Each structure stands twice: as C-alpha cells, then as structure tokens.
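Below are the chains, spelled out letter by letter.
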Amino acid sequence: SYMTLGKSVQMWKDWDSEQVEQDFAIMEQIGMNTVKIYLFWEDFFPVPEGGLNETAMAHLDEILEIAHCHNIKLVIDLMVGHMSGENYMVSWSEGRDLMHDPTMLRLQAKYIRMLTSRYRNDDRIVMWDICNEISLYRLGRDGRPKEFPALCEATIGRLGEPPSTDEYYLWLKTLTDAARIGDGTHPVYSGVGTAQGTSMKDMAELTDVNACYAYNWGWAYSMSSYLCGFERALASAHQLPSLVEEFGTSKCWNSECYEADYYGSVLYSSLLNGCVGALSWQYCDFKSMYDQSPYLYHHSEIPFGMVRDDESLRPCCDTMRRFSQFLKREELRNAQLPDP
C-alpha cells in the first residue's frame, strides 16, 4: 500500500513528482512488483455536477507511468471510505449516506464509470478495488463537531449501525456494475472491510477476488500463517481467488526484528496456500506528519512503514527482497501446491 513519503493522504493535493519517482525506485530495489494506491473521492470528483478533476487525473497518469518504468503494476482503490481510524467523505455530501441515498449512489456510479473507462485495456493496472474499508465508515454522531476526527474506537460500531447484508449487496452491485461498464477488462473487488457481515456467496457473485487481512497484532505467528489458508479454503468453495490485501505491524507494538519474521510468515504462507498475492501496509513512515490527520489521533499508524522517514530500509525490506528472488526460481513455475 502506497502513499507518498511526507504527503500521506494529502499526496494528490500536494503532488510531488520527484518524491514519487524516488519512492518507486526504492520499491523496485526492494523487489516489489505490485503496489496499491488510494484515490480519495474528494480529489478526483470534487464537484457533483462536474466531471473528473483533470489535474488529479494527470497525476494518476504520471504515477502509472512512473510505476511502469520501475516494472511495478498498480491495484487502484477507487474511493476511500475509511483509513487509519479516520473516515473520508466528499465535502458536498451534506451528511448523505453512501449506501442509502439514491443521489449519492448515482454519483458514485458516475464517478467510477468515468474513471475506469479511461483505463480500459491498460496493462499497467492489475485490478480495481471499489472502496477501502467501507464497513468501518459511519456517519457521525448527532451534534459531534464536524471538524473533530473520528477516533478509532468510535468508528468501529459506535457511530452508526453497519449496513445490512441487503444494503451492502445493492451498493456493491451498483458500483461493480459501473466499474465493469467503464472497463470490463480488469478484475474488480471490494476492500476487506466490506466483507464483514456479507456472505462469501454474495462476494463471489459480485466480485472477482476475495480480499482478506493477515494482521496478527503481535499475538501469535499462527494468525499470520493459518489465516491465509483459512481464507483461501473458504473462498475456494465459491471458486473465488484470495488476495491478502493488507498485512503489517506498527513499531509501536513490535520490534523491527519481529516484523521481519512476521513478513516472512505471511509472504510464504500466502504463496503456499495459493493466494494470488500479498500487499503490505505500508510503504513508508509518516513521522513528520505526527500533528496532522489521521496521525494526530492515531500515533500507532505513523511507524507502520517498511521504509523510515529518512528513506532507510527496515529489516522487513530484506525479507521482501528475498521473497521476490524466491518467486523467480524456475522450479516454482510449474509447482503444484497442496490444498490449504
């Protein structure tokens, strides 16, 4: 998962081509072949009556070309509902709900259809993610100051009820249909947060990939190993491939040494269990942004990075590099993997 070093959620508003180029050069050195980026709806669709923000689209074109020059393909998250303990929403929503309000549904579909149609048949893109962690997105409490960020404990089940299975199904169908109308050439999935309370059968009907997390929060190595196999076995019953969409750990909780071992556990377990890939959270630290949202209220999110603020590499980068080299071994090309 990638946001520009020193910019984080402001990367599209405060675009820095030189830093993006530098970041992707480091990622290529580490051995990464796939990176996930996040499009904030406010940046790409700032006015409901208008079209796409052409300045932001030019930045997206640029990052696609930079990634291509470094032999990296992109998974693109089309909208960010929730990230790092914060909710993100367009300023013009006026409190209207993403799933319930027909106008908001129509505008989401319009935005997704317009954006994906620009990249039909673009082989620099691996697949589209409809929305990040939508099940953690909630409307604020009545009377809560709008400028006060939603605390992590408040956004998980306290700011409103999660969508019902039917509400989620209709929302996801509307948006996956829009993505496929715009671009029927790339797989479409929905960020792991959406799967909570939704059946795997529905996910298999509407999407092309089951996205799961492999965080273990420092409790036990078994979580980062067996979870990959469990998710793959569960999804295989519906002929759905599994992607480990996020794994990682904050250095607030675990040592860098532990992190390096944990990365190895997830990477090799996801491979052995037949997952289609594994994406770490996240590329870099944001120590310089400690007094800005979302880090002002969520300090543990600051040191999640594989790369420190000064661009030095943590030991987990060596784990990633060795794994990348391992994947290139000739004997793996036709390897038959056991069922998980």
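Everything numeric here is computed off the predicted structure, so don't read it as measured data. (Residues numbered from 1 in each chain as written. Predicted model: local features only at pLDDT ≥ 70, side-chain atom pairs only at ≥ 80, totals over all residues. Heavy atoms only, no water.)

Spatial ordering of the open sheet is given by β7-β8-β9, a layout of 3 strands whose pairing is parallel. The open sheet terminates on both sides in strands that have one partner only, identified here as β7 (210–213) and β9 (277–280). Taken over all neighbouring pairs, the strand axes of this sheet differ in orientation by 25° on average, direction set aside. Strands β8 (242–247) and β9 of the sheet are contacted by helix α9 (residues 256–272), whose axis makes an angle of about 170° with β8. (Pairing = 2+ DSSP bridges. Helix = DSSP H or I, 4+ residues; strand = E, 2+ residues; numbered from the N terminus. Axes fitted to C-alpha atoms, helices over the stretch in contact; angles between N-to-C directions. Contact = heavy atoms within 4.5 Å.)

What follows covers the sheet that holds strand β1 (residues 34–38). In space, the 4 strands of this open sheet follow the order β1-β2-β5-β6, with parallel pairing throughout. The sheet terminates laterally at β1 and β6 (188–189), the two strands that pair on one side only.

A word on unusual backbone geometry. Cis geometry marks the peptide bond from tryptophan 281 to glutamine 282; its omega dihedral reads 10°. Relative to the assigned elements, glutamine 282 resides in the loop between β9 and α10 (315–327). In this structure, proline 294 follows serine 293 across a cis peptide bond, with omega equal to 5°. For proline 294, the position within the fold is in the loop between β9 and α10.

Right, let's talk about the nonpolar core for a bit. One finds Phe24, Leu60, Ile63 and Leu115 to be the most contacted residues of the largest nonpolar core, which totals 94 residues. Excluding anything up to four places from it in sequence, leucine 60 contacts Trp12, Ile37, Leu39, Phe44, Ile76, Leu115 and Tyr119. The next biggest cluster of nonpolar side chains, apart from the first, holds 7 residues, and it includes Met127, Val209, Ala211 and Leu243. (Core = buried A, V, L, I, M, F, W, Y, C linked by side-chain atoms within 4.5 Å. Buried < 20%, exposed > 50% of the residue type's maximum accessible area, 1.4 Å probe, protein only.)

Turning next to the packing of aromatic side chains. Overall, the coordinates contain 23 aromatic pairs when judged by the stated rule. When the ring of tyrosine 2 is compared with that of phenylalanine 24, the centres are 5.2 Å apart and the planes differ by 65°; the resulting orientation is edge-to-face. Of this pair, tyrosine 2 sits in the segment before α1 (17–30) while phenylalanine 24 sits in helix α1, and the two are 22 residues apart along the sequence. You can call tyrosine 2 buried: its relative accessible area is 0%. Joined through ring pairs, the aromatic side chains of Trp41, Phe45, Trp92 and Tyr111 make up one cluster. (Phe/Tyr/Trp six-rings, centres within 6.5 Å; stacked < 30°, edge-to-face > 60°.)

Next up on the list: helix α4 (residues 102–117). For α4, which comprises 16 residues, the first-to-last C-alpha distance of 22 Å matches the rise-based estimate of 22 Å (1.5 Å per residue) to within 8%. Met104, Leu105, Leu107, Gln108, Ala109, Tyr111, Ile112, Leu115 and Thr116 are the residues of α4 that are buried. Looking at the buried positions of α4, the neighbouring elements they touch are α2 (41–44), α3 (54–69), β2 (73–80), β5 (125–132) and α6 (165–182). Taking the backbone nitrogen of threonine 103 as reference, a side-chain oxygen 2.9 Å away marks aspartate 101 as the first, capping residue of α4. (Expected span 1.5 Å × (residues − 1). Polar contact = N/O pair within 3.5 Å; in protein donor to acceptor, adjacent residues only side chain to side chain.)

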